[in-house]
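Breakdown of the fold
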Amino acid sequence: MGALQQVLVVDDGVRAVDRSLSGELANLGYASVTASMEAADDVLAVIARPAAVLLQAPTRRDPAYARRAARLRGRLRDHGIPVILIGDAAEGRAGGPVDLATRLGAYVAAQPDL
């Protein structure tokens, strides 16, 4: 049996219990690290290559966060790391429950174990 696949969760630093993804990720068999947008680059420099990165949109509109998120998404995609946006306006309910198994499965299952 291989090691747990690691997922990086990047958020706006607000860690409300009802928006926590770490418990749901653990139930799905993923190890996770949560970091603020400001710390994301530093965290990526010290952890093993994540299987995916979840960008958790803030509950309030924040143009500065959106710009930093767009830059981070571009860098990660250039390195072949899947980025999944969680809680964006397109989902209809920021912070609402998402089917992580479905959203992560297609990205992570296709990656070889390194």
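Residues numbered from 1 in each chain as written. Predicted model: local features only at pLDDT ≥ 70, side-chain atom pairs only at ≥ 80, totals over all residues. Heavy atoms only, no water.

**What to know about the overall build of the protein**
For the protein, the helix and strand inventory stands at four helices and four strands. Looking at the protein as a whole, 37% of its 114 residues qualify as buried. Relative to all contacts within the protein whose residues are 6 or more apart in sequence, the contacts with residues 24 or more apart total 75%. (Helix = DSSP H or I, 4+ residues; strand = E, 2+ residues; numbered from the N terminus. Buried < 20%, exposed > 50% of the residue type's maximum accessible area, 1.4 Å probe, protein only. Contact = heavy atoms within 4.5 Å.)

**Notes on the nonpolar core**
Soluble globular proteins: nonpolar side chains tend toward being buried together. Leu8, Val10, Met37, Val53, Leu55, Leu72 and Leu76 are the most contacted members of the largest nonpolar core, which totals 15 residues. Secondary structure elements with two or more residues in this core: strand S1 (5-11), helix H2 (40-46), strand S3 (52-56) and helix H3 (63-78). Once you skip the residues sitting within four places of it in the chain, leucine 8 turns out to touch Val33, Ala35, Val43, Leu44, Pro50, Ala52, Val53 and Leu54. Within the second largest apolar cluster, 10 residues are counted, among which are Leu25, Tyr30, Ala52 and Ile86. (Core = buried A, V, L, I, M, F, W, Y, C linked by side-chain atoms within 4.5 Å.)

**Considerations on the pairing of S3**
Of all five residues that make up S3, five are buried, and the element is covered over most of its length. Neither face of S3 is exposed, since Ala52, Leu54 and Gln56 on one face and Val53 and Leu55 on the opposite face are all buried. With four bridges connecting them, S3 and strand S4 (residues 83-86) associate as parallel partners. Looking across to S4, one finds that leucine 55 is bridged to leucine 85. (Pairing = 2+ DSSP bridges.)

**A short note on the sheet that holds S1**
The pairing of strands in a sheet comes from backbone hydrogen bonds and takes either a parallel or an antiparallel form. Ordered in space as S2-S1-S3-S4, the four strands form an open sheet in which the pairing is parallel. Among the strands making up the open sheet, the edge pair consists of strand S2 (30-36) and S4. Strand-to-strand, the axes of this sheet are offset by a mean angle of 25°, without reference to chain direction. Summarising the sheet, S1 and S2 pair through seven bridges and their orientation is parallel. When the bridges of S2 are listed, aspartate 11 appears paired with serine 36. Across the sheet, H3 touches S1, S3 and S4, and the angle it forms with S3 is around 170°. (Axes fitted to C-alpha atoms, helices over the stretch in contact; angles between N-to-C directions.)

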